[in-house]
Amino acid sequence: SQQGEEDPQALSIQEGENATMNCSYKTSINNLQWYRQNSGRGLVHLILIRSNEREKHSGRLRVTLDTSKKSSSLLITASRAADTASYFCATDATGGGADGLTFGKGTHLIIQP
Amino acid sequence: DTGVSQDPRHKITKRGQNVTFRCDPISEHNRLYWYRQTLGQGPEFLTYFQNEAQLEKSRLLSDRFSAERPKGSFSTLEIQRTEQGDSAMYLCASSPRLAGEGEQYFGPGTRLTVT
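What counts, and where the lines are drawn
- Along each chain, residues carry numbers from 1 onward, in the same order as the chain's sequence is written.
- Lettering of chains starts at A and numbering of ligands starts at 1, both following the order in which they are written.
- Residue-level local features of this predicted model are given only where pLDDT is at least 70; pairs of side-chain atoms are given and counted only at 80 or more, and the full residue set underlies all totals for whole chains, interfaces and linings.
- In computing side-chain values, all of the structure's heavy atoms are included and hydrogens and water are not.
- The rule for pairing is simple: two strands pair if DSSP sees at least two bridges between them.
- The way it works is that DSSP assigns letters per residue, a run of H or I at least four long becomes a helix, a run of E at least two long becomes a strand, and they are numbered from the N terminus.
- Axis lines are fitted to C-alpha atoms, over the contacting stretch for helices. Their N-to-C directions set the angle, which ranges from 0 to 180 degrees.
- By convention in this document, the label disulfide applies to cysteine sulfur atom pairs within 2.5 Å.
- To sort residues, take the accessible area from a 1.4 Å probe on protein chains only and compare it with the maximum for the residue type: under 20% means buried, over 50% means exposed, and anything in between is partly exposed.
- On a range of 0 to 100, pLDDT expresses the predictor's confidence in each residue.
- Each aromatic pair joins two rings of Phe, Tyr and Trp (for Trp, the six-membered one) with centres within 6.5 Å, and gets the label stacked for planes under 30 degrees apart, edge-to-face for over 60, and tilted for any other angle.
- Our definition puts a charge over a ring when NZ of Lys or CZ of Arg is within 6 Å of the ring centre and also within 35 degrees of the ring normal.
- For the purposes of this section, nonpolar cores are sets of buried Ala, Val, Leu, Ile, Met, Phe, Trp, Tyr and Cys residues that join through side-chain atoms within 4.5 Å.
- Any two residues whose heavy atoms approach within 4.5 Å are treated as being in contact.
- Accessible area that two parts lose when put together, with a 1.4 Å probe and added across both, is what the buried area reports.
- When a carboxyl oxygen of Asp or Glu is within 4 Å of a side-chain nitrogen of Lys or Arg, the pair counts as a salt bridge.
- Any N or O atom pair separated by 3.5 Å or less is treated as a polar contact, with the protein-specific requirement of one donor-capable and one acceptor-capable atom, and with residues adjacent in sequence counted only for side-chain atom pairs.
- Throughout this entry, Asp, Glu, Lys and Arg are counted as charged residues, while Ala, Val, Leu, Ile, Met, Phe, Trp, Tyr, Cys and Pro are counted as nonpolar. The remaining residues, Gly among them, count as polar.
- A cavity, in this analysis, means grid points on a 1 Å lattice covering only the protein atoms where a 1.4 Å probe fits yet has no way out; a pocket is instead an open set bounded by protein on both sides within 12 Å along at least five of seven lines, and a residue lines either one if it has an atom within 4 Å of a point.
- Grid points are joined across faces, edges and corners, and a volume is the space filled by probe spheres set on the points.

(A) Region of the structure containing the sheet that holds strand S8 (residues 75–79) of chain B. Residue and element names in this part refer to chain B. The four strands are arranged S1-S3-S8-S7 in an open sheet whose pairing can be described as antiparallel. Single-partner strands in this sheet number two, and they are strand S1 (5–7) and strand S7 (65–68). When strand polarity is set aside, the average angle formed by the axes of neighbouring strands in this sheet is 15°. The pairing of S7 with S8 spans four bridges and is classified as antiparallel. What sits directly across from Ala67, in S8, is Leu77.

(B) Inspection of the state of the cysteines at higher detail. Inspection of the entire model under this criterion finds two disulfides over all chains. Each sulfur of the disulfide joining A:Cys23 and A:Cys89 lies 2.0 Å from the other. Across the S-S bond of A:Cys23 and A:Cys89 the torsion is about 70°, and the bridge reads as right-handed. A residue pair is termed long-range when its members are at least 10 positions apart, and A:Cys23 in strand S3 (residues 19–24) and A:Cys89 in strand S9 (residues 85–91) qualify at 66 residues. Here the two residues A:Cys23 and A:Cys89 agree in accessibility, since each one is buried. Disulfide pairing is shown between B:Cys23 and B:Cys92; the S-S distance is 1.8 Å. Taking the torsion about the sulfur-sulfur bond, which here is approximately -65°, the covalent link between B:Cys23 and B:Cys92 counts as left-handed. Of this pair, B:Cys23 sits in strand S3 (residues 19–24) while B:Cys92 sits in strand S9 (residues 88–95); the two residues are 69 residues apart in sequence, bridging distant segments of the chain. Of the two residues examined, B:Cys23 and B:Cys92, each falls in the buried class.

(C) Structural detail: the confidence of the model for chain A. Per-residue pLDDT for chain A has a mean of 90; in total, 89% of the residues score no lower than 70. Within chain A, the lowest mean pLDDT, 82, falls on strand S1 (residues 5–7) of chain A, and the highest, 98, falls on strand S7 (residues 61–66) of chain A.

(D) Quick look at the packing of aromatic side chains. Applying the stated rule across the entire model yields ten aromatic pairs over all chains. Ring centres 5.7 Å apart and planes at 85° place the aromatic pair A:Tyr35 and B:Phe106 in the edge-to-face group. Pair noted here: A:Tyr35 is in strand S4 (residues 31–38) and B:Phe106 is in strand S10 (residues 105–106), and the two residues belong to different chains. Among the aromatic residues, those joined into a ring-pair cluster are A:Tyr35, A:Phe88, A:Phe103, B:Tyr33, B:Tyr35, B:Phe45, B:Tyr48 and B:Phe106. Seen from the ring of B:Phe74, B:Arg22 lies directly overhead, with NZ or CZ sitting 3.9 Å from the centre.

(E) Layout of the nonpolar core. By size, the foremost hydrophobic cluster in this structure holds 21 residues, and its most contacted members are A:Met21, A:Leu32, A:Trp34, A:Leu74, A:Ile76, A:Tyr87 and A:Leu109. Going through the elements one at a time, S3, S4, strand S5 (42–50), S7, strand S8 (71–76), S9 and strand S11 (107–112) of chain A are the ones with two or more residues in this core. In this view, A:Leu109 contacts A:Leu11, A:Ile13, A:Ala19, A:Met21, A:Ile76, A:Asp83, A:Thr84, A:Ala85 and A:Tyr87; residues no more than four positions away in its chain are not counted. Counting residues in each nonpolar core, the second largest holds 19 residues, with B:Phe21, B:Leu32, B:Ala88 and B:Cys92 among its members.

(F) How the structure looks around the interface of chain A and chain B. At the interface, 22 residues of chain A touch 19 residues of chain B. Taken together, the two surfaces of chain A and chain B that pack against each other cover about 1700 Å², and 48% of this comes from carbon and sulfur. The tally of links from chain A across to chain B stands at zero salt bridges. At the boundary of chain A with chain B, the tally comes to four residue pairs in polar contact (both at pLDDT 80 or more). Contributing elements (two or more residues each) for the side of chain A that touches chain B: S4 and S5 of chain A. Among the residues making up the side of chain A that touches chain B, the classes are represented as seven nonpolar, eleven polar and four charged.

(G) Quick peek at the layout of surface pockets. The volume enclosed by the largest pocket comes to roughly 740 Å³. Considering the residues around the largest pocket, the lining is formed by 36 residues, among which A:Gln37, A:Asn38, A:Gly42, B:Gln37 and B:Met89 are closest to the centre. Elements with a minimum of two residues in the lining of the largest pocket: S4, S5, S9 and S11 of chain A together with S9 and S10 of chain B. Taken together, the residues of the lining of the largest pocket sort by class into eleven nonpolar, 20 polar and five charged.

(H) Seen up close, the pattern of salt bridges. Evaluated as defined, the whole model comprises five salt bridges over all chains. One salt bridge in this structure joins A:Arg60 and A:Asp83, with 2.9 Å as the shortest N-O distance. Of this pair, A:Arg60 sits in the loop between strand S6 (55–58) and S7 while A:Asp83 is found in the loop between S8 and S9, placing the two residues 23 residues apart along the sequence. Where B:Glu83 meets B:Arg64, a salt bridge forms, and the shortest distance between an N and an O atom there is 3.4 Å. One end of the pair, B:Glu83, is in the loop between S8 and S9; the other, B:Arg64, is in the loop between strand S6 (53–57) and S7, with 19 residues separating them in the sequence. Using a relative accessible area of 40% as the deciding quantity, one classes B:Glu83 as partly exposed.

Structural data, given as C-alpha coordinates:
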(Lines give C-alpha, C1' and ligand atoms only; values in the text may rest on other atoms or scores of the structure.)
Protein backbone atom coordinates (compact mmCIF):
# COMPACT_ATOMS: atom_id res chain seq x y z
CA SER A 1 0.00 0.00 0.00
CA GLN A 2 1.11 3.59 -0.54
CA GLN A 3 2.11 5.34 2.64
CA GLY A 4 2.68 8.79 1.26
CA GLU A 5 0.63 11.05 -0.91
CA GLU A 6 2.36 13.70 -2.94
CA ASP A 7 0.71 16.95 -3.87
CA PRO A 8 0.30 18.12 -6.54
CA GLN A 9 0.16 15.08 -8.81
CA ALA A 10 1.54 17.17 -11.66
CA LEU A 11 3.31 20.53 -11.80
CA SER A 12 4.44 22.56 -14.80
CA ILE A 13 6.60 25.65 -14.33
CA GLN A 14 8.97 27.83 -16.31
CA GLU A 15 12.69 27.26 -16.19
CA GLY A 16 14.25 29.35 -13.45
CA GLU A 17 11.18 29.29 -11.22
CA ASN A 18 11.00 27.41 -7.92
CA ALA A 19 9.07 24.16 -7.61
CA THR A 20 7.45 23.02 -4.39
CA MET A 21 5.91 19.63 -3.85
CA ASN A 22 4.40 18.18 -0.71
CA CYS A 23 4.13 14.75 0.82
CA SER A 24 1.89 13.42 3.56
CA TYR A 25 2.31 10.10 5.30
CA LYS A 26 0.37 8.04 7.79
CA THR A 27 2.55 6.28 10.36
CA SER A 28 5.49 7.18 12.58
CA ILE A 29 8.81 7.19 10.77
CA ASN A 30 12.55 7.11 11.41
CA ASN A 31 13.29 9.19 8.34
CA LEU A 32 11.81 10.47 5.11
CA GLN A 33 13.59 10.38 1.78
CA TRP A 34 12.97 12.00 -1.57
CA TYR A 35 13.77 10.24 -4.85
CA ARG A 36 13.68 11.37 -8.46
CA GLN A 37 12.78 9.16 -11.37
CA ASN A 38 13.17 9.85 -15.05
CA SER A 39 13.43 7.59 -18.03
CA GLY A 40 17.11 8.19 -18.46
CA ARG A 41 18.46 7.45 -15.00
CA GLY A 42 15.84 5.44 -13.16
CA LEU A 43 15.16 6.08 -9.48
CA VAL A 44 17.80 8.22 -7.78
CA HIS A 45 18.07 9.25 -4.14
CA LEU A 46 18.00 13.01 -3.57
CA ILE A 47 17.96 13.71 0.16
CA LEU A 48 17.16 12.11 3.51
CA ILE A 49 15.76 13.92 6.53
CA ARG A 50 15.57 12.27 9.92
CA SER A 51 12.55 12.45 12.18
CA ASN A 52 14.36 14.74 14.63
CA GLU A 53 15.27 17.24 11.89
CA ARG A 54 13.01 20.02 10.66
CA GLU A 55 14.86 21.26 7.60
CA LYS A 56 17.70 20.12 5.38
CA HIS A 57 19.47 21.58 2.37
CA SER A 58 21.40 20.00 -0.46
CA GLY A 59 22.44 22.22 -3.34
CA ARG A 60 19.24 23.60 -4.90
CA LEU A 61 17.08 21.31 -2.77
CA ARG A 62 15.41 22.21 0.50
CA VAL A 63 13.39 19.67 2.44
CA THR A 64 11.21 20.33 5.48
CA LEU A 65 9.63 17.80 7.80
CA ASP A 66 6.75 18.33 10.19
CA THR A 67 6.24 15.13 12.16
CA SER A 68 3.27 16.57 14.06
CA LYS A 69 1.44 17.00 10.75
CA LYS A 70 3.07 13.94 9.15
CA SER A 71 4.09 16.00 6.17
CA SER A 72 7.17 17.03 4.22
CA SER A 73 7.91 19.44 1.42
CA LEU A 74 10.58 19.48 -1.26
CA LEU A 75 11.61 22.80 -2.76
CA ILE A 76 13.72 22.93 -5.92
CA THR A 77 15.08 26.41 -6.52
CA ALA A 78 16.08 27.90 -9.88
CA SER A 79 14.64 24.97 -11.80
CA ARG A 80 16.32 23.61 -14.91
CA ALA A 81 15.03 21.56 -17.81
CA ALA A 82 16.98 18.59 -16.44
CA ASP A 83 14.79 18.68 -13.31
CA THR A 84 11.88 17.37 -15.37
CA ALA A 85 11.05 14.07 -13.68
CA SER A 86 8.75 12.38 -11.20
CA TYR A 87 9.52 13.00 -7.55
CA PHE A 88 8.61 10.55 -4.79
CA CYS A 89 8.75 10.73 -1.05
CA ALA A 90 9.57 7.49 0.72
CA THR A 91 9.34 6.53 4.35
CA ASP A 92 10.51 3.68 6.46
CA ALA A 93 8.51 2.54 9.49
CA THR A 94 9.55 2.76 13.10
CA GLY A 95 10.08 -0.44 15.01
CA GLY A 96 13.31 -1.89 13.70
CA GLY A 97 13.66 -0.23 10.34
CA ALA A 98 14.07 -3.56 8.59
CA ASP A 99 11.15 -2.97 6.24
CA GLY A 100 11.51 -1.70 2.75
CA LEU A 101 10.63 1.85 1.90
CA THR A 102 7.04 2.93 1.35
CA PHE A 103 6.65 5.35 -1.54
CA GLY A 104 3.98 7.87 -2.41
CA LYS A 105 2.40 8.14 -5.84
CA GLY A 106 4.71 10.93 -6.90
CA THR A 107 4.61 14.43 -8.36
CA HIS A 108 5.33 14.71 -12.08
CA LEU A 109 7.31 17.91 -12.60
CA ILE A 110 7.69 19.48 -16.03
CA ILE A 111 10.09 22.37 -16.51
CA GLN A 112 9.16 24.47 -19.54
CA PRO A 113 12.18 26.04 -21.32
CA ASP B 1 30.23 0.46 -13.52
CA THR B 2 29.53 -0.67 -9.94
CA GLY B 3 25.84 0.21 -9.75
CA VAL B 4 22.90 -2.14 -9.40
CA SER B 5 22.19 -4.07 -12.59
CA GLN B 6 19.09 -5.95 -13.64
CA ASP B 7 18.49 -8.43 -16.40
CA PRO B 8 16.58 -8.51 -18.65
CA ARG B 9 15.55 -4.89 -19.10
CA HIS B 10 12.38 -5.88 -20.91
CA LYS B 11 10.38 -9.10 -20.94
CA ILE B 12 7.25 -9.90 -22.90
CA THR B 13 5.53 -13.13 -22.02
CA LYS B 14 2.23 -14.82 -22.55
CA ARG B 15 -0.19 -15.33 -19.71
CA GLY B 16 0.50 -18.54 -17.87
CA GLN B 17 4.22 -18.61 -18.58
CA ASN B 18 6.91 -18.42 -15.90
CA VAL B 19 9.47 -15.63 -15.88
CA THR B 20 12.64 -15.03 -13.89
CA PHE B 21 14.46 -11.76 -13.33
CA ARG B 22 17.95 -11.25 -12.02
CA CYS B 23 19.42 -8.47 -9.89
CA ASP B 24 23.10 -7.88 -9.19
CA PRO B 25 23.49 -5.47 -6.27
CA ILE B 26 26.43 -3.27 -5.46
CA SER B 27 28.99 -5.79 -4.27
CA GLU B 28 29.52 -4.56 -0.73
CA HIS B 29 25.79 -4.12 0.02
CA ASN B 30 24.33 -6.88 2.16
CA ARG B 31 20.73 -5.66 1.92
CA LEU B 32 18.70 -6.22 -1.23
CA TYR B 33 15.13 -5.15 -1.93
CA TRP B 34 12.60 -5.91 -4.67
CA TYR B 35 9.84 -3.45 -5.57
CA ARG B 36 7.09 -3.39 -8.18
CA GLN B 37 5.96 -0.21 -9.91
CA THR B 38 2.88 0.17 -12.09
CA LEU B 39 2.17 3.10 -14.37
CA GLY B 40 1.48 6.31 -12.52
CA GLN B 41 2.27 4.84 -9.11
CA GLY B 42 5.25 4.81 -6.82
CA PRO B 43 7.26 1.65 -6.21
CA GLU B 44 5.66 -0.89 -3.88
CA PHE B 45 7.80 -3.04 -1.62
CA LEU B 46 7.79 -6.77 -2.37
CA THR B 47 10.56 -8.42 -0.38
CA TYR B 48 13.88 -7.86 1.37
CA PHE B 49 17.05 -9.88 1.92
CA GLN B 50 19.82 -9.40 4.40
CA ASN B 51 22.65 -11.43 2.97
CA GLU B 52 21.02 -14.71 1.88
CA ALA B 53 18.13 -14.55 4.36
CA GLN B 54 14.75 -13.36 3.14
CA LEU B 55 13.54 -11.33 6.13
CA GLU B 56 10.43 -9.61 4.88
CA LYS B 57 7.68 -10.33 2.37
CA SER B 58 4.85 -8.02 1.40
CA ARG B 59 1.24 -9.14 1.10
CA LEU B 60 1.66 -8.27 -2.58
CA LEU B 61 3.95 -11.27 -2.94
CA SER B 62 1.46 -14.03 -3.70
CA ASP B 63 2.44 -17.69 -3.74
CA ARG B 64 3.16 -17.36 -7.46
CA PHE B 65 6.14 -15.17 -6.60
CA SER B 66 9.39 -16.49 -5.20
CA ALA B 67 12.68 -14.75 -4.61
CA GLU B 68 16.09 -16.10 -3.75
CA ARG B 69 19.49 -14.71 -2.97
CA PRO B 70 21.89 -17.65 -2.91
CA LYS B 71 25.19 -16.94 -1.18
CA GLY B 72 24.05 -13.40 -0.45
CA SER B 73 25.14 -12.07 -3.82
CA PHE B 74 22.78 -11.75 -6.81
CA SER B 75 19.05 -12.29 -6.42
CA THR B 76 16.35 -13.77 -8.63
CA LEU B 77 12.64 -13.05 -8.66
CA GLU B 78 10.45 -15.68 -10.30
CA ILE B 79 6.81 -15.29 -11.21
CA GLN B 80 4.96 -18.49 -12.01
CA ARG B 81 1.79 -18.69 -14.11
CA THR B 82 1.96 -15.01 -15.01
CA GLU B 83 -1.24 -12.97 -15.15
CA GLN B 84 -1.93 -9.72 -16.98
CA GLY B 85 -2.03 -7.95 -13.64
CA ASP B 86 1.65 -8.83 -13.18
CA SER B 87 2.58 -6.37 -15.93
CA ALA B 88 4.75 -3.78 -14.23
CA MET B 89 8.28 -2.52 -13.74
CA TYR B 90 10.20 -4.69 -11.27
CA LEU B 91 12.88 -2.73 -9.46
CA CYS B 92 15.76 -4.01 -7.41
CA ALA B 93 17.64 -1.91 -4.88
CA SER B 94 20.55 -2.51 -2.55
CA SER B 95 21.89 -0.77 0.51
CA PRO B 96 24.59 -1.26 3.11
CA ARG B 97 22.21 -0.01 5.79
CA LEU B 98 18.67 -0.56 7.05
CA ALA B 99 15.84 1.14 5.16
CA GLY B 100 15.53 3.56 8.02
CA GLU B 101 19.18 4.53 8.02
CA GLY B 102 20.08 5.56 4.51
CA GLU B 103 19.44 5.67 0.82
CA GLN B 104 18.77 2.72 -1.39
CA TYR B 105 20.49 2.34 -4.74
CA PHE B 106 18.12 1.29 -7.48
CA GLY B 107 18.74 -0.64 -10.65
CA PRO B 108 17.19 0.33 -14.00
CA GLY B 109 14.36 -2.16 -13.59
CA THR B 110 12.87 -4.98 -15.63
CA ARG B 111 9.70 -4.07 -17.49
CA LEU B 112 7.37 -7.05 -17.70
CA THR B 113 4.51 -7.16 -20.17
CA VAL B 114 2.10 -10.08 -19.93
CA THR B 115 -0.05 -10.55 -23.04
